Amino acid sequence: MTRFSIPDANPIVRLTVNLREENQPMRMNALNLHNMALAWIIAAMLVIVPVGISTAIAEELAGLDTLPGADDPAARGLAIAQETERRDVGFNNTSANMQMILTNAYGETSERELRNLVLEITEDNEGDWSLIVFDKPRDVDGTALLSYAHILDPDDQWMYLPAVKRVKRISSVNKSGPFMGSEFAFEDFSSQEVGKYSYNWLRDEACGDRMCHVTERTPLYEHSGYTRQIAWTDTTDYQPRTIEYYDRKDQLLKTLTMTDYRLYEDKHWRAHDLFMENHQTGKNTRLVWSDFVFQAGLTESDFTTNALKRAR
Amino acid sequence: MKKLKATCIAGLFTCGIAMTTPSMATEFEFTGFVEPEFQVFPNRGNVAGQKRFNSSVAIEVTAEAFWDNGDQFVVFTPFARLDQNDGNRTHADIRELKYAYVTGDWEFRVGIDKVFWGVTEVAHLVDIINQTDQVESLDGEEKLGQPMVAVSTVQDFGVFDFYLLPYFRERTFPSMSGRPAFDIPVDETQTMYGSNDKRQHLDFATRYSNTFEDWDVGIAYFQGTGRDPVLMPGFDTGGNLVLIPLYAQIKQASIDVQATKDAWLYKFEGFWRRELGEEYIQATGGIEYTFYQIFDSASDLGIVAEYIWDDRGATNANAFANDAVAGLRWTPNDEASTAVLLASVVDIDTQAVSLSLEAERRFGDDYFVSLEARVFENVQRTDPLFSFADDDFIQLRVARYF
């Protein structure tokens, strides 16, 4: 339903630096004027009306789809997630390269390089298909992971081990462990379907230069590593900007900040810089996407166990 | 899948070219490793010439070229080992030298390749396409390259593979001075075949496999020269007792099944084989379960329990006739990809025990170190494994990848 890449996670905004690159120049002026006018109106409103009303009006002025009101935070949170998903429908298939830079508590770094292929599955109640191929470290070169994502059941996953030419069906029940030793769990960047969470809208607030919907979402997957997540989704493009992850003891575990959003095919936003900070261990991982190709010509036959063996 | 790697790494521009004029772009990749190895044998060998220390070095290189948007490719993987004490272990092999062509749901391969079938962790019974490179490892997972013509197709109702195997590879055996080794040496100069075509016998194999939700199932048939030799006592030209390998013609039907139910894996594989006028069955199966994130850490602990059975009982071709396997796998999921595997195989008939400990991790970006220890205990004189009873060893390998 949605893309497999990390950008889908529903985070928020700390969109400080890169906003300018994210909008086409033509739109920029209009947007700035709009924002300025908006800011004045909001300021005026703040003086005379309660905050809730002002944000609702701000939203309408921004010309966004009508969301359920603040009196129904569950419906409002769900609608925000649905809007994020709706805006990425039709990407069909993508290929992209991924670099991960792992930094431990002593500041030492190590790198991973992977390639990611995604096939959009539009059937209801099914997640996307993905194939991840490892390039670095070199000892895992050619290792590949095929996943058929499901919404609430464990995914179907096969791992290819090139040294012994073996395809292994693996248990995917646990998706919350470190992926390749990084601060990302598979759960954090696997297909982010709306149906994977229940939602509760908390508030709207400024996030960097933008406004964001702040939504608490609770994983419905029984083996999730998280009790809840708090996601900041911007009110313009409905892209996640920041996500906070709370562990099974409901302690803040990690914060993901997504920046360097770029627009593909006039429709699909992809964050290219994802910074995951672990507050409990002091470790962090920066994940950098590059070379996104949309409509990469991929079909179901590129996501079979046979294709897994050929993956390079 | 589309091989966008090298072209895409060069940037979007090149990548775009690769997409629009696929047949123009040929990508090359060159990878490999050099791996020194050190072995220590705490016990003195039964055979004169067996040393307590051994060192060797292995090198493997893979050169690949892809074109036609990755639908055609050539792979060449030579391998060689130089060993201080064992002349048979100093050997070279072409692990892969193949041309492959993919069109839609069909894949064609010609040349030397490796193929793995099966699901279990310890005994690999249904895996029959490639010969075992036994001097490399006792676990049977190191294989010699096999010449073949292979066709594979993925259909809605499953995957079909067909193999024509025109040339036979003999199993490698350690020499007299090698360790671990049989106390009676294998004399490969007297190797015998069940077919007059000997190595040129044309073998045939086919496999059907499919996934039914949580179940992965494979059914296969093989007809041709058996990969497991029968080792027959005989004499060499000097009148010394030797073992002579006999490669019989066999017919074999096999099945392998894995059910993946949450953190539980249930595995079974087995075959029926006709060989030298005799029919027999071998089977193995068991479970694997993983405790995830134990003690609130990032570590996973996996347990493996398997049983191995041969309806002929123990023979010198197969010591695993009524054996139980128990294993523990610890993976802390750290940046170094550390993994530790502790395994024991117990012969239920004789109470002979084989214990192994394997530990591995990465150092820096390019070094991968693996430590392995194997101990054989309580092995009776009558046991086919008795030759190994004095060959407990500790082995360190340090691989440098490039």
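What you are looking at is a predicted structure, and each value in this text was computed from that prediction instead of being measured.

Visitor: How should the overall build of chain A be read in this particular structure?
Guide: Within chain A, the regular secondary structure consists of 6 helices and 13 strands. Scored against the burial criterion, the 312 residues of chain A give a buried share of 48%.

Visitor: Would you explain the pairing of strand β20 (residues 367–377) of chain B in this entry?
Guide: Sheet faces and side chains relate simply in a regular strand, where the side chains alternate between the two faces. Residues and elements named next belong to chain B. Here 11 bridges tie strand β19 (residues 353–363) to β20, and the two strands are oriented antiparallel to one another. Bridge assignment links S356 to a residue of β20, and that residue is R374. Joining the antiparallel neighbours β19 and β20 is a turn of 3 residues, in which G364 adopts a positive phi near 65°. Where β20 meets strand β21 (residues 393–401), 8 bridges bridge the pair, whose relative direction is antiparallel. Bridge assignment links Y367 to a residue of β21, and that residue is R400.

Visitor: What is the right way to look at the interface of chain B and chain A in this model?
Guide: Accessible area lost on assembly of the parts is the figure often given for the size of an interface. With 47 residues of chain B at the interface, the matching set in chain A holds 39 residues. In the side of chain B that touches chain A, the residues fall into 21 nonpolar, 9 polar and 17 charged.

Visitor: When you look at the sheet that holds strand β11 (residues 230–235) of chain B in this model, what are you seeing that I'm missing?
Guide: The pairing of strands in a sheet comes from backbone hydrogen bonds and takes either a parallel or an antiparallel form. Residue and element names in this part refer to chain B. Taken together, 3 strands build an open sheet; the order of strands is β8-β12-β11 and the sheet is mixed. The strands lining the two open edges of the sheet, one partner per strand, are β8 (192–193) and β11. Strand direction decides the pairing type here: β8 and strand β12 (residues 241–247), joined by 2 bridges, are parallel. What sits directly across from Y193, in β12, is Y247.

Visitor: Teacher, can you tell me more about helix α4 (residues 73–86) of chain A here?
Guide: Note that an α-helix has 3.6 residues per turn; residues three or four places apart therefore point the same way. In a regular helix each residue adds 1.5 Å, so 14 residues correspond to 20 Å; α4(A) covers 20 Å between its end C-alpha atoms and thus fits that length. For α4(A), every residue scored as buried is listed here: R76(A), G77(A), L78(A), A79(A), I80(A), A81(A) and T84(A).

Cut-offs and rules
- Residues numbered from 1 in each chain as written.
- Chains lettered and ligands numbered in written order.
- Predicted model: local features only at pLDDT ≥ 70, side-chain atom pairs only at ≥ 80, totals over all residues.
- Helix = DSSP H or I, 4+ residues; strand = E, 2+ residues; numbered from the N terminus.
- Buried ≥ 20, exposed ≤ 12 C-beta atoms within 10 Å, placed from the backbone.
- Pairing = 2+ DSSP bridges.
- Contact = placed C-beta atoms within 7 Å.
- Nonpolar A, V, L, I, M, F, W, Y, C, P; charged D, E, K, R; others polar.
- Expected span 1.5 Å × (residues − 1).

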